[in-house]
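Working through the structure, step by step
What follows is the residue order along each chain.
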Amino acid sequence: MLKLILIRHAESIANAQGIKQGQRIDEPLSEIGKIQARKTAESLREEKIEVIISSDLKRALHTAEEISKVFRRKIIVDKRLREMDHDNEKNEELVIRCKNFLEEVKNYTGTVVVVGHGGVNKTILAISTGNREKGAEIFENVKQYNACINRLSYKKEKWTIEIMNDISHLEY
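Please read all numbers here as calculations on a predicted model, not as lab measurements. Along each chain, residues carry numbers from 1 onward, in the same order as the chain's sequence is written. This being a predicted model, a pLDDT of at least 70 is required before a residue's local features are given, and a value of 80 or more before pairs of side-chain atoms are given or counted; all residues contribute to the totals for chains, interfaces and linings. Each side-chain value is derived from all of the structure's non-hydrogen atoms; neither hydrogens nor water enter the calculation.

1. Here's the deal with the side chain of Thr 63
To qualify as a helix, a DSSP run of H or I must reach at least 4 residues; to qualify as a strand, a run of E must reach at least 2; elements of each kind are numbered from the N terminus. Here Thr 63 lies in helix 3 (residues 58-71). Beyond its immediate sequence surroundings of up to four residues, Thr 63 is in contact with His 9, Ala 10, Leu 29, Ala 37 and Val 115. Throughout, a residue-residue contact means that at least one pair of heavy atoms, one from each residue, lies within 4.5 Å.

2. With respect to unusual backbone geometry
The phi dihedral of Arg 72 is positive, around 50°, even though this residue is not glycine. Tracing the backbone through its elements, the reader meets Arg 72 in the loop between helix 3 and strand 3 (75-77). Note on exposure labels: buried denotes an accessible area under 20% of the residue type's maximum, exposed denotes more than 50%, and partly exposed covers the range between, all computed with a 1.4 Å probe on protein chains only. By relative accessible area, Arg 72 is classed as exposed at 74%. Its identity is not glycine, yet Asn 165 carries a phi of approximately 55°, on the positive side. Looking at where Asn 165 falls in the secondary structure, it is placed in strand 6 (residues 158-166).

3. Quick word on the packing of aromatic side chains
The geometry of two aromatic rings is summed up by the distance between their centres and the angle between their planes. Two rings belonging to Phe, Tyr or Trp (six-membered ring only in the last case) form a pair when the distance between their centres is within 6.5 Å. Interplanar angles under 30 degrees mark stacking, angles over 60 mark edge-to-face geometry, and anything in between is tilted. One pass over the structure, following the stated rule, counts one aromatic pair. Consider the rings of Tyr 154 and Trp 159, whose centres lie 4.8 Å apart with planes at 50°: the pair is tilted. As far as the burial class goes, Tyr 154 and Trp 159 line up, both buried. The cationic tip of Lys 122 hangs over the ring face of Phe 139; the distance from NZ or CZ to the ring centre is 4.9 Å. Counted as over-ring charges are cases with an Arg CZ or a Lys NZ within 6 Å of the ring centre that also lie within 35 degrees of the ring normal.

4. Observations regarding the environment of Glu 11
Among the structural elements, Glu 11 can be located in the loop between strand 1 (2-8) and helix 1 (13-16). The spacing of Glu 11 and Ala 60 is 49 residues in sequence and 9.5 Å in space, taken between C-alpha atoms.

5. Quick word on the pairing of strand 2 (residues 49-54)
The buried count for strand 2 comes to five of six residues, which makes it a mostly enclosed element. Examined bridge by bridge, strand 2 and strand 4 (residues 110-116) share five bridges and lie parallel to one another. Bridge pairing in strand 4 places Ile 53 opposite Val 114. Whether two strands pair comes down to DSSP finding at least two bridges between them. Pairing between strand 2 and strand 3: three bridges, direction parallel. Pairing of Ser 54 across the sheet is with Val 77, part of strand 3. Whether a crossover is right-handed depends on one test, that the path from the first strand over the helix to the second runs clockwise when the strands point away from the viewer. For the crossover that starts at strand 2, traverses helix 3 and ends in the parallel strand 3, the hand is right-handed.

6. Considerations on the sheet that holds strand 3
Across the sheet, six strands lie side by side as 3-2-4-1-5-6; this open sheet has mixed pairing. Both edges of this open sheet fall to strand 3 and strand 6, since each of them pairs with a single strand only. Pairs of neighbouring strands in the sheet enclose a mean axial angle of 20°, with direction left out of account. Summarising the sheet, strand 5 (residues 149-155) and strand 6 pair through six bridges and their orientation is antiparallel. Counterpart to Ile 149 in the pairing with strand 6 is Asp 166. Across the sheet, helix 5 (residues 118-128) lies against strand 1, strand 4, strand 5 and strand 6, angled at about 150° from strand 1, the strand it touches most. Here an axis means a line fitted to C-alpha atoms, over the contact stretch when the element is a helix, while the angle between two N-to-C directions is reported on a 0 to 180 degree scale.

Rendered as structure tokens:
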């Protein structure tokens with residue numbers, strides 16, 4: 001069985017300023033984001049993380065680095081986890097990118113952490129339902145707060161969403 005822990009990056013400087021980033025604006029984490037990333041990593045301490053995969057954009061990679069410090073695992077960088085390029089990418093292209101990623105990641109066993117972005121994570125969650133209508137509902141209605149944790153499992157050729165948008169580990 002595969003356990004997938006899907007995390008949205010912690011708050012970036014641009015997030016703090018209310019700027020929509022996509023791929024073109026690649027800001028590092030804000031001071032609050034650094035705290036969020038550490039808290040996220042600490043909240044996973046009891047997990048047996050086998051693999052950490054991250055988008056190559058700074059805000060996701062910096063979040064993944066905090067998790068990597070706890071588990072002493074190398075980070076696999078995967079450009080398919082980049083946020084949507086709002087200027088040059090169609091929704092269908094994002095869906096294909098995320099489907100391809102999910103097809104590949106389901107070959108892992110154990111627990112895998114994936115650090116991505118709001119739009120990418122919502123797309124992965126939507127695809128994992130295996131149902132177009134339910135997936136569309138998740139994409140439209142489920143939030144992805146900074147440093148939130150989503151938990152999915154894959155067994156017997158089926159994805160199951162266990163938790164979405166959990167930020168309980170960020171309580172101060």
